[in-house]
Protein chains: 2
Amino acid sequence: MSRKIVAATAQLGPIARDESRTSAVARMIALMRTAHDRGARLVVFPELALTTFFPRWLLEGHDLDRFYETEMPSPETLPLFDAAREMGIGFYLGFAELLLDGERERRFNTSIFVTPEGRIAGKYRKVHLPGHYNHEDWRAFQHLEKRYFEHGDLGFPVFEAMGGTMGMCLCNDRRWPETFRVLGLRGAELVMLGYNTPQHYPQAPEHDHLQDFHNHLSMQHGAYANGAWVIGTAKAGLEEGCELIGGSCIIAPTGEIVARTQGRGDEVAVAEIDLDRCRELRENVFNFALHREPGDYGPICEGADIRERTRAETTRNSHFSDTAAPTASD
Amino acid sequence: MSRKIVAATAQLGPIARDESRTSAVARMIALMRTAHDRGARLVVFPELALTTFFPRWLLEGHDLDRFYETEMPSPETLPLFDAAREMGIGFYLGFAELLLDGERERRFNTSIFVTPEGRIAGKYRKVHLPGHYNHEDWRAFQHLEKRYFEHGDLGFPVFEAMGGTMGMCLCNDRRWPETFRVLGLRGAELVMLGYNTPQHYPQAPEHDHLQDFHNHLSMQHGAYANGAWVIGTAKAGLEEGCELIGGSCIIAPTGEIVARTQGRGDEVAVAEIDLDRCRELRENVFNFALHREPGDYGPICEGADIRERTRAETTRNSHFSDTAAPTASD
């Protein structure tokens, strides 16, 4: 049986700080219709696709909470689910997740995959949170993901959907080859990811011109070294004064970019992906059973556990921890 | 103190099956002189740089043994060491190593780094052996590295030389991000590697046109994701009827190729490498202490130990094992 799927990367241009979810969802439905017109059955939206990239500001209370989803779908996001089911499209969606675990508030940078039948088949919570914990005055824009999200507690799961083995990750995860490798070892044939990547990297501005190169290098290598398809989708363009890269693309298991967006606004790019092509790599140069040498990889899995590190950070900075609100001293 | 080094990749064109080590060494000394004339103090030669790439044939007895080094330097290789010391150049050299461990013959695909003072400061034995164990009739050329070499028993060591922390690997190792990551975690600022990579990959010939792309993709990503310099050097050109890729290059910690060879013959390319530039990555986006999540990488280090797998292969194939010569049935 053929395992070919026409797939789309559905890039979003900027979302304003005060833009409603209803507006963002309407834009996504329009992209989905374009993708559908080009034959797509699978669409990948960006990370934090429903709102502006709010970790660029120090926020608290309602000003912060309003950027999180407490249910999925919600009344505002249900139209996206309905449109997808009606068109027979499966989709990846990134959003900020807020849940109550007993009395404890938990916040994650999350993605889900929704099947063409409307079932949430996979869920992922971002593992590699970039940025910093505390407000830093010298920055034109903050990058407070380490403050606003917990380390994802689901690892890197794979799931079966649309005839293949699927994996997900988010933004900074793609820079870490361990992300793709764990998914690859679990058999992922397609890795979907969304990103919000500023053009300007304040700690090393001498690399600003390399952001597109690094984005593609990371994803193309992740595809090639694991013989998996990769679809990476940006939120792009000048968002609240902060320029975000585009370069959304579909990458073959050979590492070749086979479709990509051309601008930094709302835009769709489409390609047919044949999941059976993963075998070209996975049965040959990247036949893991024959050629990997895990006995020599020990240091990769060593090091302080994230929970210890988080505890240490929390104690040192007395910042926004599991239940406490940000303190005035931040 | 400045840690800038002018470095060279010293690519070799083909070496004929019957070409002597004396001839190969003379060619390497000529490349070293060219590199020296361009100001280089460090030169990287290819994998198995002293002979033809002999794993392309099924060989036994003296026909096989003659491609291995039993001492380093030997009378034939000493002129290379002498020339390097005289010019004040440190160099990386790949060769086939044969040693006696008690009664047991051991064979490795090995590289060494020799300091400008003539001291062997680092030694590496190839971990990721590509290819196959037994002769396969359908192949125009064999790739019998799994038969002719043991799995390297030194892991991925780093060593101090010329003011920096150095690492080495060989050919197929570069396709595995684990290689660069283990070296990166150990602090490598420069990773040197040699390769012999056929243009034609018999199991997936539809990828033949991608060999140069995959070569650079693997090395550029290894550099970027670990904030390390990489120098990769080919044995290139039409060697005994088998076309080998070139593309030898020097790659900055940003992943940018800053020098590369242009042809497939004996050729030098030179660049100044500043070891302090590694910090641009390692103190920021790839600050391992702040951003790695080893608690989620477990599957990377799991799996059958190489020794178990080798035993299983040896038993199943009754092929060339530690002490036995190839059997006629192969």
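These figures come from a predicted structure and were not determined experimentally.

Each side of the interface is counted separately: chain B has 61 residues, and chain A has 61 residues. For the pair chain B and chain A, the summed buried area comes to about 5400 Å², and 61% of that belongs to carbon and sulfur atoms. Viewed at the interface, chain A and chain B are joined by four salt bridges. Between arginine 292 of chain B and glutamate 178 of chain A there is a salt bridge; the shortest N-O distance is 3.1 Å. Counting the contacts that link chain B with chain A gives 23 residue pairs in polar contact (both at pLDDT 80 or more). Looking at the side of chain B that touches chain A element by element, the count peaks at seven residues for helix 6 (residues 211-224) of chain B. Here the residues of the side of chain B that touches chain A are counted per class, giving 27 nonpolar, 18 polar and 16 charged.

The next subject is the relation of the copies chain B and chain A. Expressed as a screw operation, the relation of chain B to chain A combines 0.0 Å of axial shift with a rotation of 180°, fitting to an RMSD of 0.0 Å. Seen this way, the second copy is the image of the first under a two-fold rotation axis.

Residue and element names in this part refer to chain B. Viewed as axis vectors pointing N to C, helix 1 (residues 21-37) and helix 3 (residues 78-87) meet at an angle of 10°, and their least axial separation amounts to 9 Å. The angle between the axes of helix 1 and helix 3 places the two elements in the roughly parallel class. Contacts between helix 1 and helix 3 pair Val25, Met28, Ile29, Met32, Arg33 and His36 from the former with Pro79, Leu80, Ala83, Ala84, Glu86 and Met87 from the latter. Across the contact of helix 1 with helix 3, the residue classes tally to nine nonpolar, one polar and two charged.

As a further point, take the environment of glutamate 105 of chain A. All names here are of chain A. Mapping glutamate 105 onto the fold places it in strand 4 (residues 104-114). Taking the C-alpha atoms as reference, glutamate 105 lies 31 Å from alanine 84; in sequence the two are 21 residues apart. There is a polar contact of 2.7 Å between the side chain of glutamate 105 and the side chain of arginine 107.

You can see leucine 281 of chain B is positioned in helix 7 (residues 279-282). Here leucine 281 of chain B falls in the buried class, since its relative accessible area comes to 1%. Expressed as a C-alpha distance, the spacing of leucine 281 of chain B and glycine 227 of chain B, which sit 54 residues apart in the sequence, is 4.9 Å. In this structure, leucine 281 of chain B is in contact with His207 of chain A together with Tyr224, Gly227, Pro253, Thr254, Phe286 and Asn287 of chain B, ignoring residues within four places of it in sequence.

This paragraph deals with the sheet that holds strand 12 (residues 249-251) of chain A. All names here are of chain A. Reading across the sheet, the six strands line up as 6-7-8-9-12-13 and stay open at both edges, with mixed pairing between neighbours. Each end of this open sheet is capped by a strand with a single partner; those strands are strand 6 (158-161) and strand 13 (257-260). Looking at each pair of strands side by side, their axes are set apart by 20° on average, direction ignored. Looking at chain direction, strand 6 and strand 7 (residues 164-170) are connected through four bridges and run antiparallel. Opposite alanine 161, over in strand 7, you have glycine 164 as the bridge partner.

A word on the packing of aromatic side chains. Applying the stated criterion across every chain, the model contains 24 aromatic pairs over all chains. Ring centres of phenylalanine 54 of chain B and phenylalanine 67 of chain B lie 5.0 Å apart, and the angle between their planes is 5°; this geometry places the pair in the stacked category. On the criterion of sequence distance, the pair formed by phenylalanine 54 of chain B in the loop between strand 2 (42-44) and helix 2 (61-65) and phenylalanine 67 of chain B in the loop between helix 2 and helix 3 is long-range, its members being 13 residues apart. Overall, phenylalanine 67 of chain B belongs to the buried group, its relative accessible area being 3%. One cation-aromatic arrangement involves arginine 292 of chain A over phenylalanine 288 of chain A; the distance from NZ or CZ to the ring centre is 5.9 Å.

Disulfide: a covalent bond connecting the sulfur atoms of a pair of cysteines. Scanning the entire structure with this criterion turns up one disulfide over all chains. Through a disulfide, cysteine 301 of chain A is tied to cysteine 301 of chain B; the S-S separation comes to 2.4 Å. With the S-S bond torsion at 95°, the cross-link from cysteine 301 of chain A to cysteine 301 of chain B turns out right-handed. Within this pair, whereas cysteine 301 of chain A is found in the loop between helix 8 (288-291) and helix 9 (306-317), its partner cysteine 301 of chain B is found in helix 9 (residues 298-301), the two belonging to separate chains. With relative accessibility at 23%, the residue cysteine 301 of chain A sits in the partly exposed group. The thiol of cysteine 169 of chain A is unpaired, and the distance to the nearest cysteine sulfur, on cysteine 171 of chain A, comes to 9.3 Å. Residue cysteine 278 of chain A stays outside any disulfide, its sulfur separated by 15 Å from that of cysteine 169 of chain A, the closest cysteine. The buried category is assigned to cysteine 278 of chain A, whose relative accessible area is 5%.

Residue and element names in this part refer to chain B. The terminal C-alpha atoms of helix 1 lie 24 Å apart, and with 17 residues this matches the ideal 24 Å at 1.5 Å per residue to within 8%. For helix 1, the complete set of buried residues consists of Arg21, Ala24, Val25, Arg27, Met28, Ile29, Leu31, Met32 and Ala35. Taken from the residues just after helix 1, glycine 39 is the one with a positive phi, measuring 95°.

It is worth spelling out the UniProt feature "domain: CN hydrolase" (unreviewed entry) in chain A at this point. Mapped onto this numbering, the UniProt entry gives "domain: CN hydrolase" (unreviewed entry) at residues 5-275 of chain A. Counted over residues 5-275 of chain A, helix gives 22% and strand 31%. Its end C-alpha atoms are 8 Å apart.

Let us look at unusual backbone geometry. Cis peptide bonds are those with omega within 30 degrees of zero, and the linkage from methionine 72 of chain A to proline 73 of chain A qualifies with -5°. By secondary structure assignment, the location of proline 73 of chain A is in the loop between helix 2 (61-65) and helix 3 (78-87). At glutamate 240 of chain B, a position not held by glycine, the phi torsion is positive, near 50°. Tracing the backbone shows glutamate 240 of chain B in the loop between strand 10 (237-239) and strand 11 (242-244).

Residues and elements named next belong to chain A. Averaged over all residues, the pLDDT of chain A equals 93, while 92% of them reach at least 70. This stretch, residues 314-330, has a pLDDT under 50; its non-local contacts, to residues over four places away or in other chains, come to 31 contacts. Overall fold confidence (pTM) sits at 0.93, and the ipTM for the predicted complex is 0.92.

Let us look at the side chain of histidine 143 of chain B. Residues and elements named next belong to chain B. In this structure, histidine 143 sits in the loop between strand 5 (120-125) and helix 4 (145-148). In terms of polar contacts, histidine 143 uses its side chain to reach the side chain of glutamate 145, at 2.9 Å. Apart from the residues lying within four places of it in its own chain, the contact partners of histidine 143 are Phe53, Pro55, Pro130, Gly131, His132 and Pro198.

Right, let's talk about the pairing of strand 9 (residues 229-234) of chain B for a bit. Residue and element names in this part refer to chain B. Of all six residues that make up strand 9, six are buried, and the element is covered over most of its length. Burial of strand 9 is two-sided: the residues Trp229, Ile231 and Thr233 facing one way and the residues Val230, Gly232 and Ala234 facing the other way are all buried. Across six bridges, the pairing between strand 8 (residues 190-195) and strand 9 is parallel. Among the inter-strand pairings, tyrosine 195 is bridged to a residue of strand 9, identified as alanine 234. Handedness of the strand 8-helix 6-strand 9 crossover: right-handed. Relative to strand 12 (residues 249-251), strand 9 runs antiparallel, the two being bridged by three bridges. By the bridge assignment, glycine 232 is partnered in strand 12 with cysteine 249.

Rules behind the numbers
Residues numbered from 1 in each chain as written. Chains lettered and ligands numbered in written order. Predicted model: local features only at pLDDT ≥ 70, side-chain atom pairs only at ≥ 80, totals over all residues. Heavy atoms only, no water. Contact = heavy atoms within 4.5 Å. Buried area = accessible area lost by both parts, 1.4 Å probe. Salt bridge = Lys/Arg side-chain N within 4 Å of Asp/Glu carboxyl O. Polar contact = N/O pair within 3.5 Å; in protein donor to acceptor, adjacent residues only side chain to side chain. Helix = DSSP H or I, 4+ residues; strand = E, 2+ residues; numbered from the N terminus. Nonpolar A, V, L, I, M, F, W, Y, C, P; charged D, E, K, R; others polar. Least-squares fit on C-alpha atoms with pLDDT ≥ 70 in both. Axes fitted to C-alpha atoms, helices over the stretch in contact; angles between N-to-C directions. Parallel < 35°, antiparallel > 145°, perpendicular 65-115°, else oblique. Buried < 20%, exposed > 50% of the residue type's maximum accessible area, 1.4 Å probe, protein only. Pairing = 2+ DSSP bridges. Phe/Tyr/Trp six-rings, centres within 6.5 Å; stacked < 30°, edge-to-face > 60°. Lys NZ or Arg CZ within 6 Å of the ring centre and 35° of its normal. Disulfide = S-S within 2.5 Å. Expected span 1.5 Å × (residues − 1). UniProt positions renumbered as here; feature names shortened; annotations may be inferred. pLDDT = per-residue confidence, 0-100. Right-handed = clockwise from strand over helix to strand, strands pointing away.

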